[in-house]
Number of protein chains: 2
Amino acid sequence: MQPSEAVKKKIDKAILEFLDRRIEQAAKVSPASELLMKNIKEFSLRRGKRIRPLFVVYGFKCFAGGGEDKIIKASIATELLHDYLLIHDDIMDDSDLRRGLPTFHKVYEKIYAEQSVSDPATYAENSAILAGDILSAISPEPILNSDFPEGLKIRAVKKFNETNCQTGFGQELDVLLELNENAKAEDVDLVHTLKTAKYTVESPLHIGAILAGATKEQLKILSDYAIPAGRAFQIQDDLLGVFGSEEKVGKPVDSDLKEGKKTLLTVHALEKASPEQKKRLHEILGNQGISMKDVEDARKIIEETGSLEHSKKLAKQLANQALEIAKASDFNQEGKDFLISIADKLVNRED
Amino acid sequence: MQPSEAVKKKIDKAILEFLDRRIEQAAKVSPASELLMKNIKEFSLRRGKRIRPLFVVYGFKCFAGGGEDKIIKASIATELLHDYLLIHDDIMDDSDLRRGLPTFHKVYEKIYAEQSVSDPATYAENSAILAGDILSAISPEPILNSDFPEGLKIRAVKKFNETNCQTGFGQELDVLLELNENAKAEDVDLVHTLKTAKYTVESPLHIGAILAGATKEQLKILSDYAIPAGRAFQIQDDLLGVFGSEEKVGKPVDSDLKEGKKTLLTVHALEKASPEQKKRLHEILGNQGISMKDVEDARKIIEETGSLEHSKKLAKQLANQALEIAKASDFNQEGKDFLISIADKLVNRED
């Protein structure tokens, strides 16, 4: 078992304990509050990589020896934040499945339908908005209650809240990107930066580092690592979304195309395409009724326009950039090793 | 001008300055982020009583001399929280108007319709969910950035976040109350306690008092004042909703009845009603097509069952209870006077 696997297990345990305490408190308010909190727990404990709490823990370890237990307890704030954002995102995207199970509003739709509530879908959506709101409200608590100096906790919570805000801006841009026929690579890149690089990598690393008392200069080095690493991850994810296998990616190979998801891959292809290729690609993107032949045509255009190569190259270049930063850093070994191992995986992900 | 009027003006100014700074920051992210923040500002600065920030300021003044400027800056957190909750509540209730103007999602529906977006209502709802989420995320910032000792700020923010969570539970119960044919007075009372007494009165008073360094015992006295005052206010509000004039209340006299709003007034009347009265009341409550004759019939049943008298008496009793607590307190004069003046208004509201 890798060291980070052991940490992940402890993170899961901390989430479980936190939410069990919250269920107890909610039960004192009303049975409906208890039920809502129980469903939040069920949703939160579904399988997940816990990558954000792991970044908090190893961001901390870059600058501190010891204190693992207390940073693990604080780190789960980022996972609670993530769960709230997923619950609300799933409402906005009208998604049915999340982590292989019904989305939060779909869980409640079933509950209300069984109670013969008229219009269970609307009531369920309201419950999911509220569940997300409640989870957002309590998400900073693990940091506020943690055993770190008060001044550091305040700095960490401010960073945390700011990330919550910026991710909201990123989601708004992502939604608007769908509507934008002329989206450019830089538009896609801004969404990647806000919704993946900053949200998933930089902010968790910073929160951990802040709680370890890191300086501004040290935070800057973490940013130099986090932004390219996060962008590389997202580009690769979008690549796998079109060229990966369903088995490997966990979703149908045509789902990104059907959704008309604006990715570097598709936006770059549209920029470089001949008028004919452009027309064909527009027919396919966002079309719910596409066949395997259409998928293959889209793949071919993405290859022929050099877009596949461009994305692969850029992802590898960004991953290498992150790797070099991690290698050159003078961080504590355990933290440094984790950053290197993540960047290493990104460099070799496509091979 | 009353002293609290001058404070209210300063609160409005602090909200304006805070959101202007936020607009500047959002403009650096993207034009869409800037637009969202501008609309949040427009929504937040609509006319309002600013009762929650006022309670923060006077809760503080109960225990501290001086420091008015810094408590005013911190107090606006409660108004930002309120605005976010209204934006989300209006989505859930599918309301068109708020403070005499279109609700947040209706503002965005117009924006998207003008851009010829297909399905502008859905996109608008998503933008309103995100606007609320963003506002919720940044709402604790005025406390975190305030010029109080770090330990007190952490205590105040924990109270603030907990209130956000409990109000969510209250809203969930309120939504479910609509569905409950057999709602009891105690069910209505729990919603009043969570959504009005704790949220609007107790929590703001506590946040101010905590920042002044109040003891647990002092907070307890504020609770003894806040809970009856908040309940009295809500009962009177529900009374005016059925028996007030449109001119005085600012909404049609039949709107609570049409909505089928579960209030102490209606729930108590249904409990005491004869089978015939009960049948008639059920015909009227929640019926969108009621006439002025129906309104008069409902009023008559509420009077004949003793429900009107019961609500009036209870509200006055609760308001007097709050008044006595305020009068008996040894709080600083300025804070004490404010609490007394509010309770006084509640005692005499119906006369």
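The notes below deal with the structure included here. (Residues numbered from 1 in each chain as written. Chains lettered and ligands numbered in written order. Predicted model: local features only at pLDDT ≥ 70, side-chain atom pairs only at ≥ 80, totals over all residues.)

### Here we look at the overall build of chain A
Condition: Starting at the N terminus, helices and strands are each numbered in turn, a helix being any DSSP run of H or I of at least four residues and a strand any DSSP run of E of at least two. When we talk radius of gyration, it's over C-alpha atoms, and the globule rule is simply 2.2 Å times the number of residues to the 0.38. To assign burial, the other C-beta atoms lying within 10 Å of each residue's own C-beta are counted, with C-beta atoms placed from the backbone; 20 or more indicates buried, 12 or fewer indicates exposed, and intermediate counts indicate partly exposed. With C-beta atoms placed from the backbone, a contact is any residue pair whose C-beta atoms sit within 7 Å.
A count of helical and extended segments in chain A gives 17 helices and 2 strands. Its C-alpha atoms give chain A a radius of gyration of 21 Å, near enough to 20 Å, the size a compact globule of 351 residues would have. Taking the principal axes of its C-alpha atoms as reference, chain A extends roughly 60 × 60 × 35 Å. Expressed as a percentage of its 351 residues, the buried residues of chain A come to 49%. Contacts spanning at least 24 positions in sequence make up 70% of the contacts within chain A whose residues lie at least 6 apart.

### What to know about helix α16 (residues 307-328) of chain B
All names here are of chain B. Heads up, the rule is: Expected span, for any helix, means 1.5 Å times one less than how many residues it has. The reported arc concerns the directions from the helix axis to the C-beta atoms and nothing else.
Between the first and last C-alpha of α16 there are 31 Å, a value that for 22 residues agrees with the 32 Å anticipated at 1.5 Å per step. Among the residues of α16, Ser 307, Leu 308, Ser 311, Ala 315, Leu 318, Ala 319, Ala 322, Leu 323, Ile 325 and Ala 326 are the ones counted as buried. What you see down the axis of α16 is that its buried residues fit within an arc of 160 degrees, all on one side. Those residues of α16 that are exposed and angled more than 90 degrees off the buried face are Glu 309, Lys 313, Gln 317, Lys 327 and Ala 328.

### Looking at the relation of the copies chain B and chain A
Heads up, the condition is: The copies were overlaid with a least-squares fit restricted to C-alpha atoms from residues scoring a pLDDT of at least 70 in each copy.
Of the transformation superimposing chain B on chain A, the axial component is 0.0 Å and the angular component is 180 degrees, with the fit at an RMSD of 0.1 Å. These values place the two chain copies in the arrangement generated by a two-fold rotation axis. For chain B, the smallest separation between a C-alpha atom and the rotation axis is recorded for Glu 150 of chain B, amounting to 3.0 Å.

### Quick look at the interface of chain B and chain A
Reports often express the size of an interface as the amount of accessible area lost when the parts come together. Of the residues lining the interface, 41 residues belong to chain B; the matching set on chain A comes to 41 residues. Secondary structure elements with two or more residues in the side of chain B that touches chain A: α1 (3-29), α2 (31-44), α4 (68-92), α6 (120-138), α7 (141-144) and α8 (150-179) of chain B. For the side of chain B that touches chain A, the element with the highest residue contribution is α8 of chain B, accounting for 17 residues.

### Side note on the nonpolar core
For the record, the criterion: Any nonpolar core is a set of buried residues, restricted to Ala, Val, Leu, Ile, Met, Phe, Trp, Tyr and Cys, that join up through C-beta atoms within 7 Å.
If you look at the biggest cluster of nonpolar residues, it comprises 208 residues, and the most contacted ones within it are Ala 229 and Ala 322 of chain A together with Ala 229 and Ala 322 of chain B. Apart from the residues lying within four places of it in its own chain, the contact partners of Ala 229 of chain A are Val 201, Ala 319, Ala 322, Ile 342, Ala 343 and Leu 346 of chain A.

### Digging into the environment of Asn 182 of chain A
Of note, Asn 182 of chain A is situated in the loop between α8 (150-179) and α9 (185-211). Each C-alpha atom of the pair Asn 182 of chain A and Leu 270 of chain A lies 9.0 Å from the other, and the pair is 88 residues apart in sequence.

### A short note on the packing of α4 of chain B against helix α9 (residues 185-211) of chain B
Residues and elements named next belong to chain B. Operational definition: Here an angle of 0 to 180 degrees is reported between the N-to-C directions of two axes, which are lines fitted to C-alpha atoms, with helices fitted over the stretch in contact. Any angle from 65 to 115 degrees is called roughly perpendicular, while one under 35 is roughly parallel, one over 145 is roughly antiparallel, and all others are oblique. Should the near helix be turned anticlockwise from the far one by less than a right angle, the crossing is termed left-handed; should it be turned clockwise, right-handed. Ten residue types, Ala, Val, Leu, Ile, Met, Phe, Trp, Tyr, Cys and Pro, are classed as nonpolar, four, Asp, Glu, Lys and Arg, as charged, and the remainder, Gly among them, as polar.
Running from N to C, α4 and α9 cross one another at 150 degrees; their axes reach a closest spacing of 10 Å. Relative to α9, the element α4 is oriented roughly antiparallel. Between α4 and α9 lies a crossing whose hand is right-handed. Contact residues: α4 offers Ile 71, Ala 74, Ser 75 and Thr 78, while α9 offers Pro 204, Ile 207, Gly 208 and Leu 211. Of the residues in the contact of α4 with α9, the class split is 5 nonpolar, 3 polar and no charged.

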